[in-house]
Amino acid sequence: MQIKFLGTGGAFDVDYLNSAAILHFRNRNILIDCGFTVFPTLVKKNLIKKVEYILLTHLHNDHSGSLANLLLYKSIVEHSKRPIIIYPSEQFKQHIFDLLEIQVKDPEKYAEFVPLDQFPGIQAIDTFGQHSERYQTYAYVFEDEDSRLVYSGDLGKPDALFDKLDKMAVMKTCVYHDITFEPDNTGHTYYKKLFPYISRYEIFGYHCDPTLNPADNPFRLVFYQKELMA
Ligand SMILES: [Zn+2]
Ligand SMILES: [Zn+2]
């Protein structure tokens, strides 16, 4: 299992690009999120051919804004097989479908939709309302034989996610968690809210402006870990 981030910024941190990653998991390349900077980044880094599977945490524009471009490019320019969009619930599939329909008319022409339960080792954690009020978001947990990787998606209240993780079998677990350095930002996780979990989990922060990193933040930021960047 190997993760390479395409960007680590928040919605408005254009210098750091939208938070998204390519995860190599059980011989598959899964693009996690496809915000408005992701398509150009994939093209520039010559990684777009690698995208075979797509998994979205939620549909805010910094997580879905270039999905239509990506799908059209795969079809029209690359002539490659339709990427597979993995969906965690029928309702979320419908939301993705609606988002794409107005842009590409027939989403099934450009993507195949396959439910998450067809992918052993991947679990969705429903984080509805914990990033934005009455808004659907998901975190994802990826498990292979001896390690677990957690991708938080945008999440203001980390406790529910960690409650679930605490109940899972003990295994080396690396958590990539959205992080904010502003205590008043309730849509994302203020870094001090992650302190209770520091001894049990390896945690990296993303979805932030790394230049605002306070001196007492003990969590490493993905942005500064060159081996985690695509
Ligand atoms: Zn976001
Ligand atoms: Zn969001």
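Look up a bit, the structure's there.
Residues numbered from 1 in each chain as written. Chains lettered and ligands numbered in written order. Predicted model: local features only at pLDDT ≥ 70, side-chain atom pairs only at ≥ 80, totals over all residues. Heavy atoms only, no water.

J.: Teacher, can you tell me more about the coordination of the zinc ion (ligand 2) here?
T.: Angles between donor atoms at a metal ideally measure 109.5 degrees for a four-coordinate tetrahedral arrangement and either 90 or 180 degrees for a six-coordinate octahedral one. Around the zinc ion (ligand 2), the protein contributes the donor atoms His 58 (NE2), His 60 (ND1), His 131 (NE2) and Asp 154 (OD), which lie 2.2 to 2.4 Å from the metal centre. Here the zinc ion (ligand 2) binds four donor atoms, and the angle range of 88 to 173° at the metal identifies the geometry as irregular. In this structure, the zinc ion (ligand 2) lies 3.5 Å away from the zinc ion (ligand 1), the two metals sharing Asp 154 as a donor. Highlighted residues: His 60 in the loop between β4 (53-55) and α2 (61-64) and Asp 154 in the loop between β9 (147-151) and α6 (159-166), separated in sequence by 94 residues. (Donors = N, O, S within 2.8 Å, 3.2 Å for Na, K, Ca; no water. Tetrahedral: all angles 85-135°; square planar, octahedral: opposite > 155°, others 65-115°. Helix = DSSP H or I, 4+ residues; strand = E, 2+ residues; numbered from the N terminus.)

J.: Would you mind showing me how to read the side chain of Thr 189 here?
T.: Along the polypeptide, Thr 189 turns up in the loop between β10 (172-178) and β11 (202-206). Of the residues examined, Thr 189 reaches a relative accessible area of 0% and is grouped as buried. Here the side chain of Thr 189 touches Leu 155 through a polar contact of 2.5 Å, landing on its backbone oxygen. Apart from residues lying up to four places away in sequence, Thr 189 is in contact with Leu 155, Gly 156, Lys 157, Pro 158, His 177, Asp 178, Ile 179, Thr 180 and Leu 194. (Buried < 20%, exposed > 50% of the residue type's maximum accessible area, 1.4 Å probe, protein only. Polar contact = N/O pair within 3.5 Å; in protein donor to acceptor, adjacent residues only side chain to side chain. Contact = heavy atoms within 4.5 Å.)

J.: When you look at the sheet that holds strand β5 (residues 84-87) in this model, what are you seeing that I'm missing?
T.: Strand-to-strand pairing in sheets goes through backbone hydrogen bonds, with the strands running parallel or antiparallel. With respect to topology, six strands assemble into an open sheet ordered β1-β2-β3-β4-β5-β6, the strand pairing being mixed. For this open sheet the edge positions go to β1 (2-7) and β6 (112-115), each flanked by a neighbour on one side alone. Sheet twist, expressed as the average angle between the axes of neighbouring strands with direction ignored, equals 25°. Here five bridges tie strand β2 (residues 20-25) to strand β3 (residues 28-32), and the two strands are oriented antiparallel to one another. (Pairing = 2+ DSSP bridges. Axes fitted to C-alpha atoms, helices over the stretch in contact; angles between N-to-C directions.)

J.: What's the story with the coordination of the zinc ion (ligand 1) in this structure? I'm lost.
T.: The coordination sphere of the zinc ion (ligand 1), as far as protein atoms go, consists of Asp 62 (OD), His 63 (NE2), Asp 154 (OD) and His 207 (NE2), spread over 2.1 to 2.2 Å. Classification of the site at the zinc ion (ligand 1) rests on its four donor atoms, whose angles at the metal span 88 to 163°, yielding the label irregular. Look at His 63 and you get buried, because its relative accessible area is 1%.

J.: Can you walk me through a negative patch on the surface in this structure?
T.: Side chains of Asp 98, Glu 101, Asp 106 and Glu 108 sit close together on the surface and give a patch of like negative charge. Considering the arrangement of structural elements, one finds Glu 108 in helix α5 (residues 107-110). (Patch = residues over 30% accessible without salt bridge, like charges linked within 9 Å, V, L, I, M, F, W, Y side chains within 5 Å. Areas by Shrake-Rupley, 256 points an atom, 1.4 Å probe, with all protein chains shown as cover. Salt bridge = Lys/Arg side-chain N within 4 Å of Asp/Glu carboxyl O. Lys, Arg positive; Asp, Glu negative; His and termini not counted. Charge placed at Lys NZ, Arg CZ, Asp CG, Glu CD.)

J.: Sorry, what's going on with the layout of surface pockets here?
T.: To find leftover empty space, a probe the size of one water molecule is rolled over the atoms. In this model, the largest pocket occupies a volume close to 330 Å³. In this structure, the largest pocket is lined by 18 residues; those nearest its centre are Gly 10, Ala 11, Asp 13, Asn 185 and His 188. Broken down by class, the residue content of the lining of the largest pocket amounts to six nonpolar, seven polar and five charged. Size it by volume and the second largest pocket reaches roughly 220 Å³. Forming the walls of the second largest pocket are 13 residues, and the residues nearest its centre are Met 1, Leu 149, Lys 172, Cys 174 and Tyr 176. Where the lining of the second largest pocket is concerned, the elements lending two or more residues are β1, β9 and β10. The element contributing the most residues to the lining of the second largest pocket is β10, with four residues. (1 Å grid on protein atoms, 1.4 Å probe; cavity = no way out; pocket = protein on both sides within 12 Å on 5 of 7 lines; lining within 4 Å. Points joined across faces, edges and corners; volume = space filled by probe spheres on them. Nonpolar A, V, L, I, M, F, W, Y, C, P; charged D, E, K, R; others polar.)

J.: Would you explain the packing of aromatic side chains in this entry?
T.: Two measures describe an aromatic ring pair: the distance that separates the ring centres and the angle between the ring planes. The tally for this structure, following the rule as stated, stands at 19 aromatic pairs. Summarising the aromatic geometry, the rings of Phe 92 and Tyr 138 are spaced 5.2 Å apart at their centres and angled 70° between planes, so their arrangement reads as edge-to-face. One end of the pair, Phe 92, is in helix α4 (residues 90-104); the other, Tyr 138, is in strand β8 (residues 138-143), and 46 residues separate them in sequence. For the pair Tyr 191 and Phe 195, a centre-to-centre distance of 5.9 Å together with 75° between the ring planes defines the contact as edge-to-face. Since its relative accessible area comes to 32%, Phe 195 is described here as partly exposed. Among the aromatic side chains, those forming a connected cluster through ring pairs are Phe 5, Tyr 151, Tyr 176, Phe 204 and Tyr 206. (Phe/Tyr/Trp six-rings, centres within 6.5 Å; stacked < 30°, edge-to-face > 60°.)

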